[in-house]
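So you can see what is in the structure, the chains are spelled out below.
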Amino acid sequence: METTKVVLGNVRGEIQLFSDDKKAGKMDISVIGKKLTVYHTEVDEEYAGKGFAKLLLEKLVSYARENDMKILALCPYVHAQFKRNPEEYNDVWLKEEGE
């Protein structure tokens, strides 16, 4: 069974993904005001190819929506997903100039 949770310290934190109580992946994030920056997505090798990065992305987006935040996607994975599916993510995507 997979579960996700947002763990925030002062500014930096991560979204953690657990599979059967074992940490399977994470997203490194920071929150300043209403801006949520995502730096990196990582899924352990043994869990690769199971859609776990997508589960992390879903938690990231739902957290941003629940807290009225915009996401700055510095993580290549998240940025690629936003660009591929703009209609799905436009409400939370904080675009940089030229996007």
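Here, every reference points to the structure presented above.
Residues numbered from 1 in each chain as written. Predicted model: local features only at pLDDT ≥ 70, side-chain atom pairs only at ≥ 80, totals over all residues. Heavy atoms only, no water.

A few words on the overall build of the protein. Scanning the protein from terminus to terminus reveals 3 helices and 5 strands. When the helices and strands of the protein are read in sequence order from the N terminus, they spell out β-β-β-β-α-β-α-α. By the compact-globule yardstick of 13 Å for 99 residues, the protein fits well, its C-alpha radius of gyration being 13 Å. Seen along its three principal axes, the alpha-carbon backbone of the protein occupies a region of about 40 × 30 × 20 Å. Expressed as a percentage of its 99 residues, the buried residues of the protein come to 38%. Contacts spanning at least 24 positions in sequence make up 40% of the contacts within the protein whose residues lie at least 6 apart. Accessible surface, the protein as shown: approximately 5,800 Å² in total, 48% of it carbon and sulfur. Charged side chains of the protein number 15 positive and 18 negative; the gap between the two group centres comes to 3 Å. (Helix = DSSP H or I, 4+ residues; strand = E, 2+ residues; numbered from the N terminus. Rg over C-alpha atoms; globule rule 2.2 N^0.38 Å. Buried < 20%, exposed > 50% of the residue type's maximum accessible area, 1.4 Å probe, protein only. Contact = heavy atoms within 4.5 Å. Areas by Shrake-Rupley, 256 points an atom, 1.4 Å probe, with all protein chains shown as cover. Lys, Arg positive; Asp, Glu negative; His and termini not counted. Charge placed at Lys NZ, Arg CZ, Asp CG, Glu CD.)

What follows concerns the nonpolar core. General note: in soluble globular proteins, nonpolar side chains tend to be found buried as a group. With 25 residues, the main nonpolar core has Met 27, Val 38, Leu 57, Leu 60, Ile 71, Val 78 and Phe 82 as its most contacted residues. Among the elements of the structure, β2 (12–19), β3 (22–32), β4 (35–43), α1 (52–66), β5 (70–73) and α2 (76–84) are those that each provide at least two residues to this core. Every residue in contact with Met 27, bar those within four places of it in the chain, is listed here: Gly 13, Glu 14, Ile 15, Val 38, His 40, Thr 41, Ala 53, Leu 56, Leu 57, Leu 60 and Val 78. (Core = buried A, V, L, I, M, F, W, Y, C linked by side-chain atoms within 4.5 Å.)

This paragraph deals with α1. Taking 1.5 Å of rise per residue, the 15 residues of α1 would be expected to cover 21 Å, and the 21 Å separating its terminal C-alpha atoms lies within 8% of that figure. Along α1, the residues that are buried comprise Phe 52, Ala 53, Leu 56, Leu 57, Leu 60, Val 61, Tyr 63 and Ala 64. Positive backbone phi, at 55 degrees, marks Asp 68, one or two positions downstream of α1. (Expected span 1.5 Å × (residues − 1).)

Inspection of the entire model under this criterion finds 3 aromatic pairs. Between the NZ or CZ atom of Arg 12 and the centre of the ring of Tyr 39, over which it lies, the distance is 4.8 Å. (Phe/Tyr/Trp six-rings, centres within 6.5 Å; stacked < 30°, edge-to-face > 60°. Lys NZ or Arg CZ within 6 Å of the ring centre and 35° of its normal.)

Geometry only, nothing functional implied.
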